[in-house]
Amino acid sequence: MRILICEDSTLLREGLVRLLADAGHEIVAALADADGIGRAVTDTAPDLCILDVRLPPTFTDEGIRAALALRTDNPALPILVLSQYVEERYASDLITSHGAALGYLLKDRVADVGEFVDTVARIGAGATVLDPEVVAQLLTRRSRDERLSRLGERERTVLALIAEGRSNQAIAAAMFLSEASVEKYITSLFQKLDLEQDEHGNRRVLAALVHLEHGGSQPQNGAVR
């Protein structure tokens, strides 16, 4: 996979280059800021872009605004936001935008290198992977709406796991349920949220987040991992 990295920390940037190259990926560009990232994408045609949120010159939101711009100009390009921060102002717009695969991971919560490399590959292959803490921070600032009040506790837990990008099999394992039971919960919660069922993981995650982001609440038992 051809990967473009945009990270201002030299140590982390070079570490990502080495780590991903060792995993068999080709690093087509490694940028220290977002200036010229659009041109770099055009010139190098990456299969995935990895961006930090806070980049020079102001170290506020340059990275995530660049991600939104890439989403608009290159909707088929998978993007992984890798940051210490959840930039709420733009993160929800990025997550609910229509486009290719998306990841939003928090640096401090990446505890396993092998798992991180696998996640990068999954996003490049079309998966949507969101750190549970990212989902929780976006949802807790919104008030509960009437549709979410229709959901039972297990349905809210299933919905949170869907928002994390879990497969039905992974949800079943996490909740100690059969896959058939999970499918029933998913059918029920989509009906209660007035959502059409969709077998494509990418779209079902985005659909769930659209509704949650417009009034959702975190499951009562917190983000399930």
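Parameters and conventions
- Residues numbered from 1 in each chain as written.
- Predicted model: local features only at pLDDT ≥ 70, side-chain atom pairs only at ≥ 80, totals over all residues.
- Heavy atoms only, no water.
- UniProt positions renumbered as here; feature names shortened; annotations may be inferred.
- Helix = DSSP H or I, 4+ residues; strand = E, 2+ residues; numbered from the N terminus.
- Contact = heavy atoms within 4.5 Å.
- Expected span 1.5 Å × (residues − 1).
- Buried < 20%, exposed > 50% of the residue type's maximum accessible area, 1.4 Å probe, protein only.
- Arc of directions from axis to C-beta.
- Salt bridge = Lys/Arg side-chain N within 4 Å of Asp/Glu carboxyl O.

Enquirer: Explain the UniProt feature "modified residue: 4-aspartylphosphate" (unreviewed entry) in the protein residue by residue, including any values.
Expert: Per the UniProt record, the feature "modified residue: 4-aspartylphosphate" (unreviewed entry) sits at D52. Inspection of the secondary structure puts D52 in the loop between β3 (48-51) and α3 (62-73). The contacts of D52, once residues within four sequence positions are left out, are C6, E7, D8, G63, I64, L82, S83 and K107.

Enquirer: Provide a residue-level description of helix α5 (residues 113-124), including the pertinent values.
Expert: Side chains that are three or four residues apart share a direction in an α-helix, a result of its 3.6 residues per turn. Taking 1.5 Å per residue, 12 residues should reach 16 Å; α5 reaches 17 Å between its end C-alpha atoms and fits that length. When α5 is considered as a whole, its buried residues turn out to be F116, V117, T119, V120 and I123. All buried residues of α5 project into a common sector of 155° when viewed along the axis, lining one side. Close packing links the buried residues of α5 with β1 (2-6), α1 (10-22), β3, β4 (79-83), β5 (102-106) and β6 (129-130). At the C-terminal side of α5, G126 shows a positive phi close to 120°.

Enquirer: Kindly report on the pattern of salt bridges, identifying the contributing residues and their values.
Expert: According to the stated counting rule, one finds 6 salt bridges in the structure shown. Linking R2 and E26 is a salt bridge whose minimum nitrogen-to-oxygen distance equals 3.3 Å. Of this pair, R2 sits in strand β1 while E26 sits in strand β2 (residues 26-31); the two residues are 24 residues apart in sequence, bridging distant segments of the chain. Accessibility expressed as a relative area gives 43% for E26, which makes it partly exposed. Among the salt bridges present, the one from D52 reaches K107, with a minimum N-O distance of 3.2 Å. Placement of D52 in the loop between β3 and α3 and of K107 in the loop between β5 and α5 is noted, with a sequence separation of 55 residues between them.

Enquirer: Tell me about unusual backbone geometry, and name the residues and values.
Expert: That bond from P56 to P57 is cis: its omega, 10°, falls within 30 degrees of zero. Positionally, P57 belongs in the loop between β3 and α3. One non-glycine residue, F59, adopts positive backbone phi at about 55°. Its location among the elements puts F59 in the loop between β3 and α3. For F176, which is not glycine, the phi dihedral falls at a positive 55°.

Enquirer: I'd like a rundown of the environment of G103, residues and numbers included.
Expert: Structurally, G103 can be placed in strand β5. Residue class for G103 comes out buried when judged on its relative accessible area of 0%. Measuring from C-alpha to C-alpha, the distance between G103 and V129 comes to 4.6 Å, with 26 residues separating the pair along the chain. Discounting chain neighbours no more than four positions away, the residues touching G103 are I79, L80, V81, I123 and V129.

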